[in-house]
Amino acid sequence: RAIAKATLREGKGTITINKTNLELYNNELYRMRIMEPIILTGDLFKKASVSIKVKGGGIKGQADAARLALSKALVAYDKSVEKTLLDYDRRLLVA
């Protein structure tokens, strides 16, 4: 069971996972899975940066935990994206 915590701040649109840039994340499939909330919310993310800390589980569990934490952070930042994320995939906001 993986646990992730996301911290969203004003920034340049970067994502780091355990102090490593998302672009350097090993598996492309999991990298794209983590990027889904960013793709769905569009321009909202260009003015923010996210730092995600993940522990436990395997690589898939960590990717899903990071995806969930990122989605929740985006909704906390701008409530208007919640419906978009829920309509696409309920598991983006509900564990």
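Placed above this text is the structure.
The rules behind these values
- Residues numbered from 1 in each chain as written.
- Predicted model: local features only at pLDDT ≥ 70, side-chain atom pairs only at ≥ 80, totals over all residues.
- Heavy atoms only, no water.
- Core = buried A, V, L, I, M, F, W, Y, C linked by side-chain atoms within 4.5 Å.
- Buried < 20%, exposed > 50% of the residue type's maximum accessible area, 1.4 Å probe, protein only.
- Helix = DSSP H or I, 4+ residues; strand = E, 2+ residues; numbered from the N terminus.
- Contact = heavy atoms within 4.5 Å.
- Pairing = 2+ DSSP bridges.
- Axes fitted to C-alpha atoms, helices over the stretch in contact; angles between N-to-C directions.
- Salt bridge = Lys/Arg side-chain N within 4 Å of Asp/Glu carboxyl O.

> Explain the nonpolar core to me, please; I cannot follow it from the model alone.
Grouped burial of nonpolar side chains is what soluble globular proteins tend to show. With 26 residues, the main nonpolar core has Ile15, Ile17, Tyr25, Ile34, Ile52, Leu70 and Leu74 as its most contacted residues. Breaking this core down by element, the ones donating at least two residues are strand S2 (15–17), helix H1 (28–41), strand S4 (48–55) and helix H2 (59–77). Here the element with the most residues in this core is H2; it accounts for seven residues. Residues within four places of Ile34 in sequence aside, it is in contact with Ile17, Leu22, Tyr25, Ala63, Ala66, Arg67 and Leu70.

> Looking at this model, I keep getting lost on the sheet that holds S2. Mind explaining?
Sheet strands line up and pair through hydrogen bonds in the backbone, either parallel or antiparallel. A sheet is described by the order of its strands in space; here four strands give the open sequence S1-S4-S2-S3, paired in mixed fashion. The outermost strands of the open sheet, each flanked by one partner alone, are strand S1 (3–10) and strand S3 (20–21). Looking at chain direction, S1 and S4 are connected through eight bridges and run antiparallel. Paired with Leu8 across the bridge in S4 is Val50. H2 contacts S1, S2 and S4 of the sheet and is inclined by roughly 35° relative to S1.

> What am I meant to see in the pairing of S4 here?
Within a regular strand, the side chains alternate between the two sheet faces. Both S2 and S4 contribute to a ladder of three bridges, which runs parallel. When the sheet's bridge partners are listed, Thr16 is paired in S4 with Ser51.

> Please clarify how the pattern of salt bridges should be interpreted in this entry.
Opposite charge on two side chains allows them to pair when their charged atoms are near. Tallied over the entire structure, the rule returns eight salt bridges. The closest approach of N and O atoms between Arg67 and Glu36, which form a salt bridge, is 2.6 Å. Residue Arg67 is located in helix H2, and its partner Glu36 is located in helix H1; the two are separated by 31 residues in the primary sequence. Neither residue differs from the other here; Arg67 and Glu36 are each classed as buried.

Note that all results are geometric; they support no functional claim without further evidence.
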